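Residue-level listing of the chains:
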Amino acid sequence: MQALTSSVPLVIGDQLTPSSTGATFDSINPADGSHLASVAEATAADVARAVEAAKAAARTWQRMRPAQRTRLMFRYAALIEEHKTELAQLQSRDMGKPIRESLGIDLPIMIETLEYFAGLVTKIEGRTTPAPGRFLNYTLREPIGVVGAITPWNFPAVQAVWKIAPALAMGNAIVLKPAQLAPLVPVALGELALEAGLPPGLVNVLPGRGSVAGNALVQHPSVGKVTFTGSTEVGQQIGRMAADRLITASLELGGKSALVAFGDSSPKAVAAVVFQAMYSNQGETCTAPSRLLVERPIYDEVVELVQARVEAARVGDPLDPDTEIGPLISAEQRESVHSYVVSGTEEGATLISGGDQSPTGAPEQGFYYRPTLFSGVTADMRIAREEIFGPVLSVLPFEGEEEAITLANDTVFGLAAGVFTRDVGRALRFAQTLDAGNVWINSWGVLNPASPYRGFGQSGYGSDLGQAAIESFTKEKSIWARLD
């Protein structure tokens, strides 16, 4: 795979090719600031070439028997599994995720997702409807054609597959523009698609600038659907461009999730789950429960337990299997995270732990930040309202169910939420009241490709997984036949 070398190409049709202008950008290892690779930088002309290749591939793909498409997708999944160690290491080097997460979490999710959607290829059905008079009415689900996908840097491998798998399963071709900060695994996935025998042009991968390649992709007249994961600000821009063209869009955007722990919860269980959910991937996770709401009877104990776990966390080289927290993606992201820590202190929150840009034992040149914990946070503080996208947890006290739901839903975002309690009735009642697309009870972050993954409010719309994703990658046609 050329994505493993120092010169990384675009994947267009059956070619691993440089940019049309020869332009490149640098991929930087966030663990030590070193140069990883020179990556081809896609232009609008490259996007046009990729879309034409995708159109041709979509026609070939749609003419294949569904069982043949299923076999090819399973072969693709098998190749990813065969190269899982290389892909996991590549992701960890490219964006700083600890190897224990890349190899133990992300790669299994990718493979399971591809296999799930591969199994659905032979099961796409229309429906018949009661029709008046002497008519037969039935519907068909047809492919959209060419899908434009734009993925983020925090989960470059998983998010690429979450776009590729349902698009291909529904008979589409895809042009994928990965984030500039983490393009290496998506390029490798484009190469593996060719190696698996998928029609050339079915999976095209174009690293480059969002303002150039991304905009050209969304605005191309032959792109029939756009799927995007990233910031709310960029998602709003993409949504407007898609609306102007009257094409469908799926947008999975930011979050400021709340985990609510009632007084009958086990403080140890709450602390263990919130540490894993909040600080995995360095807190660079849209669903991170960055607001921990704790009922007063167990508030102090939970804070003490989380503090102990935070201060014992192993921060360091992401390729070290013992590392729990790696570097942030860039120096700019580290500065952004630190600005929120400064803001929290200035607004009166109590800094319990962290707030240090040079953790003990971490390489000095890397973009590391110690896991950080605030108590005494109030709902009006910036650290309680804005997405930080880093390892910063705010703990807020509450008294009673009514205050808890008010605090939990006091956000413009609606991606995820959770509740801890031993009271089953309260758990189910509270889960129904939480205004979020993904809700976990006495757990956090459980995923399954058969279950929808989506947000509400400023967290976007549309689903990457589940039946809703299947439908969003097709167009439904209604056919009427007169019987006399």
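Everything quoted here is computed from the prediction, not taken from an experiment.

Glancing now at the sheet that holds strand β5 (residues 35-40). Pairing is mixed in the open sheet, where 3 strands are placed in the order β1-β5-β4. Of all strands in the sheet, those bounded by a partner on one side alone are β1 (7-8) and β4 (24-28). Bridge count between β4 and β5: 5 bridges; the pairing is antiparallel. Across the sheet, I28 pairs through a bridge with H35, a residue of β5.

Turning our eyes to something else, we now look at a nonpolar patch on the surface. A cluster of nonpolar side chains, contributed by V424, L428 and I441, occupies part of the molecular surface with about 260 Å² of accessible area. With respect to the secondary-structure elements, I441 resides in strand β20 (residues 438-441). Owing to a relative accessible area of 31%, I441 belongs among the partly exposed residues under this scheme.

The next thing to look at is the pattern of salt bridges. Charged atoms that come close allow side chains of opposite charge to pair. Taken as a whole and judged by the stated rule, the model has 16 salt bridges. Between K163 and D464 there is a salt bridge, with the nearest N and O atoms lying 3.1 Å from each other. Residue K163 is found in helix α5 (residues 156-169), and its partner D464 is found in the loop between β22 (460-461) and α15 (466-472); the two are separated by 301 residues along the sequence. The exposure classification of K163 matches that of D464, with both residues buried. Two residues, E386 and R382, come together in a salt bridge whose shortest N-O distance is 3.3 Å. The exposure class assigned to R382 is partly exposed, which follows from its relative accessible area of 31%.

Procedures and definitions
Residues numbered from 1 in each chain as written. Predicted model: local features only at pLDDT ≥ 70, side-chain atom pairs only at ≥ 80, totals over all residues. Heavy atoms only, no water. Pairing = 2+ DSSP bridges. Helix = DSSP H or I, 4+ residues; strand = E, 2+ residues; numbered from the N terminus. Patch = residues over 30% accessible without salt bridge, like charges linked within 9 Å, V, L, I, M, F, W, Y side chains within 5 Å. Areas by Shrake-Rupley, 256 points an atom, 1.4 Å probe, with all protein chains shown as cover. Salt bridge = Lys/Arg side-chain N within 4 Å of Asp/Glu carboxyl O. Buried < 20%, exposed > 50% of the residue type's maximum accessible area, 1.4 Å probe, protein only.

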